[in-house]
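So you can see what is in the structure, the chains are spelled out below.
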Amino acid sequence: MTPTGDHTEAVEALLHEERSFAPSEAFAAHANATADVYKAAAADPEAWWALQARTLEWATPFEEVLAWDSPHATWFADGTLNASVNCVDRHVAAGRGGKVAFHWVGEPEGDTATITYADLLERVSRAANALEELGVKPLDRVAIYMPMIPEAVVAMLACARLGAPHSVIFGGFSADALVDRITDADCRFVITADGGYRRGSAAALKAQVDEAMASCPGVERVLVVQRTGQEVAWDDARDVWWHDIVDRQAPVHEPAAFPAEHPLYVMYTSGTTAKPKGIFHTTGGYLTHTSTTHRLVFDIKPETDVCWTSADIGWVTGHSYIVYGPLTNGVTQVMYEGTPDAGGKDRWWRIVEEYGVTILYTAPTAIRTFMKWGDEFPASHDLSSLRLLGSVGEPINPEAWMWYRKHIGGGRCPIVDTWWQTETGGIMISPLPGVTATKPGAAMVPFPGISAEVVDNDGDPVPDGHGGLLVITRPWPGMLRGIWGDEERYRDTYWSRFDGRYYFAGDGAKRDEDGDLWLLGRVDDVMNISGHRLSTAEVEHALVGHPAVAEAAVVGASDDTTGQAIVAFVTLKVADEVADGDDAEIVASIRAHVAEVISPIAKPRQIILTPDLPKTRSGKIMRRLLRDVAEHRDLGDVTTLTDPTVVNMIDGLMAAHASDDD
Ligand code: WTA
């Protein structure tokens, strides 16, 4: 693991960043956070978090704040609460039932819905009653595999209301990926839809679930929302239409309170092996973390703000900043089902204008895509409602940051670059608008109450101006409580690197001359493709599952739009087939296979067929070298290869097939 080696160039470039944007007086005058917040949190982090936690509604107030027995933390453990009550009932009870919770925008033009907090309460209550009728009990795991429709949020909140942890599986995942995740968490129930609209057509979801069910004998019932009206196969004993069972339920549901440490959800994410990890989060600490970060990082004014987090509900950003953070804070949101160019490359900006979006939170990949499409699309709309912009999911390059600021933010909106992970539950490193000056490309400083450090290989903090590994040095409320069913992997992955002292994030970071933090990307075999986490091992596993593939090595190569892109080096079982170094048909079939086994998002940008892979004398594939090849870097010393000619040959193939993208 070389935290700095691969990033030297990036680090050099970053060191010379001199642009800094101080908060404007106008923004600072009304900001939720002041510099005192940092002081108060630093003076007594636990007391500060406890204060934040008390803004939630507790059925039994907590006395205990943190119990830390490394690597296990509990927060507010003697308190009880209900997550869905905090997200919904509370606002209705306070007389805000008429307030819009979601302006939902379907992908087909004109397909919209307005859902108030009172509507949401009624829908969640009916859904909770329906789930109870189907037999869902506290601690049962419920898989949710849905498009970006209101029922996805309703389903999550209904599960939370019953104390049944949900496991939302991204709608882009394949049947095989569903099987892995459903079996690992031992889900008894699945909630899905017939399909959803993506890129102008109705994509099938129920069909994937049907295929998965052949290998998921533990699933008892599948609840199906009718979204597209497409043909679906039906198993009367197992399947039930949402509208058949939910609509006839009583509109009220008496919620039970659960201990703060009751599991709220499981979310699968890629680690460094082929098997995804079920990161699990509990209730009280997670809600505290997401609501507090949402309120302070996004400077939320619940009366007037219209928030739009562009993430899918199938990723942690959707969980924390579409569902739990914003709803506990009672804000109005926009939720959009489709792709950014459905109905025109200005679709997003039309939505911003129409709904008066004030806070936009998206990923650098989307920003770079908009940059490529051209300035005229945002310019053709009135974006003056925007007052704050956020970025998440991958390092944002300074060019994209500046473009975002100018063309979307009109030069007036602060940008918060927020670093966090599925594991951290909520934002960990970010500027506080109105307090922290921002630099293009830097996440700047730890959130109040969070202790992050950049350390060297021995765990010693690096001085300003140096790079190293990002660690979190104290437990925090939203931290993962474990990997579902795998205590050893939990310890190994996050805590063994520094002997239980620090949480090891797996990211490289740099502390600049001013002491501000820059996140530089993963230092392990996790790739970040358009903000989607995938492991090299996971893709390699899928590749070698193809009947023609003998061996495969995957690397994440830098890509102008997607941040990283997957490049696969593949040797075939029948050597003849690679006689001319390429075979379009077999490459297409291998790519289709990866999409089938994992998801279209895992399809390699390039597949290089090669008679051999570069290996060390001990037989390890030399990934760093392959990455250099994939990024056309100077190859340097290759003397440890068993067959040095392999590298030159691979490099030749790369040059010959500079792009075999779709
Ligand atoms: C990366 C997404 C740089 C990082 C919320 C992390 C970032 C991984 C940033 C987690 C950022 C996320 N700057 N890198 N602002 N935000 N990352 O679990 O490598 O899908 O470890 O969570 O994304 O991805 P995950």
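## Points about the domain arrangement of the protein chain
Reasoning step 1: Here the protein chain is partitioned into domain 1 (25-509) and domain 2 (525-656).
Reasoning step 2: The straight-line distance from the C-alpha centre of domain 1 to that of domain 2 is 33 Å.
Reasoning step 3: Residue-level contacts link 25 residues of domain 1 with 23 residues of domain 2.
Reasoning step 4: A combined buried area of about 1,700 Å² lies between domain 1 and domain 2, and 47% of that area is made up of carbon and sulfur atoms.
Reasoning step 5: Inspection of the domain 1/domain 2 interface yields 2 salt bridges.
Reasoning step 6: Of all the elements in the fold, those that place two or more residues in the side of domain 1 that touches domain 2 are α8 (175-184) and α14 (364-373).
Reasoning step 7: Element by element, the count of residues in the side of domain 1 that touches domain 2 is highest for α14, at 4 residues.
Reasoning step 8: Here the residues of the side of domain 1 that touches domain 2 are counted per class, giving 5 nonpolar, 12 polar and 8 charged.

## Focus on helix α11 (residues 284-297)
Reasoning step 1: Between its first and last C-alpha atoms α11 spans 20 Å; for 14 residues at 1.5 Å apiece the expected length is 20 Å, and the two agree.
Reasoning step 2: Of all 14 residues that make up α11, 13 are buried, and the element is covered over most of its length.
Reasoning step 3: Phi turns positive, to about 50°, at Asp-299, one or two residues after α11.

## A word on unusual backbone geometry
Generally, phi is negative for residues other than glycine and the peptide bonds are trans, each holding for most cases.
Reasoning step 1: A cis amide bond links Ser-70 to the next residue, Pro-71, at an omega of 5°.
Reasoning step 2: Counting through the fold element by element, Pro-71 comes out in the loop between β1 (66-69) and β2 (72-75).
Reasoning step 3: The residue Asp-299 is not glycine, and still its phi comes out positive at about 50°.
Reasoning step 4: Its place among the elements puts Asp-299 in the loop between α11 and β16 (306-309).
Reasoning step 5: For Asp-299, a relative accessible area of 1% puts it in the buried group.
Reasoning step 6: The backbone of Met-444 sits at a positive phi, close to 75°, despite the residue not being glycine.
Reasoning step 7: Residue position: Met-444 is located in the loop between β20 (415-418) and β21 (452-455).

## What to know about the site of the ligand
Reasoning step 1: Taken together, 17 residues are adjacent to the ligand, and Asp-417, Thr-418, Thr-422, Asp-507 and Arg-533 come closest.
Reasoning step 2: Note that a nitrogen atom of the ligand is positioned 3.3 Å from one of the backbone N or O atoms of Glu-394.
Reasoning step 3: For the ligand, the protein covers 96% of the area, taking 530 Å² as the surface of the free molecule.
Reasoning step 4: Breaking the shell around the ligand down by element, the ones donating at least two residues are α12 (316-328), β20 and β25 (517-522).
Reasoning step 5: A per-class count over the shell around the ligand returns 6 nonpolar, 6 polar and 5 charged.

## Topic: the side chain of Thr-436
Reasoning step 1: Secondary-structure assignment places Thr-436 in the loop between β20 and β21.
Reasoning step 2: Within polar-contact distance, the side chain of Thr-436 engages the side chain of Tyr-38 at 3.1 Å.
Reasoning step 3: Of note is the side chain of Thr-436, whose polar atom sits 2.8 Å from the backbone nitrogen of Leu-432.
Reasoning step 4: When sequence neighbours within four positions are dropped, the list of residues in contact with Thr-436 reads Pro-23, Tyr-38, Pro-431, Met-444 and Val-445.

## A word on the packing of helix α4 (residues 45-53) against α11
Reasoning step 1: The contact between α4 and α11 brings their axes to 9 Å, and the two run at 85°. One way to sum up the angle between α4 and α11 is to call them roughly perpendicular. Where α4 abuts α11, its residues Trp-48, Trp-49, Gln-52 and Ala-53 lie against Thr-288, His-289, Thr-292, Arg-295 and Leu-296.

Calculation rules
Residues numbered from 1 in each chain as written. Predicted model: local features only at pLDDT ≥ 70, side-chain atom pairs only at ≥ 80, totals over all residues. Heavy atoms only, no water. Domains from an automatic or database assignment. Contact = heavy atoms within 4.5 Å. Buried area = accessible area lost by both parts, 1.4 Å probe. Salt bridge = Lys/Arg side-chain N within 4 Å of Asp/Glu carboxyl O. Helix = DSSP H or I, 4+ residues; strand = E, 2+ residues; numbered from the N terminus. Nonpolar A, V, L, I, M, F, W, Y, C, P; charged D, E, K, R; others polar. Expected span 1.5 Å × (residues − 1). Buried < 20%, exposed > 50% of the residue type's maximum accessible area, 1.4 Å probe, protein only. Near = heavy atom within 4 Å. Polar contact = N/O pair within 3.5 Å; in protein donor to acceptor, adjacent residues only side chain to side chain. Areas by Shrake-Rupley, 256 points an atom, 1.4 Å probe, with all protein chains shown as cover. Axes fitted to C-alpha atoms, helices over the stretch in contact; angles between N-to-C directions. Parallel < 35°, antiparallel > 145°, perpendicular 65-115°, else oblique.

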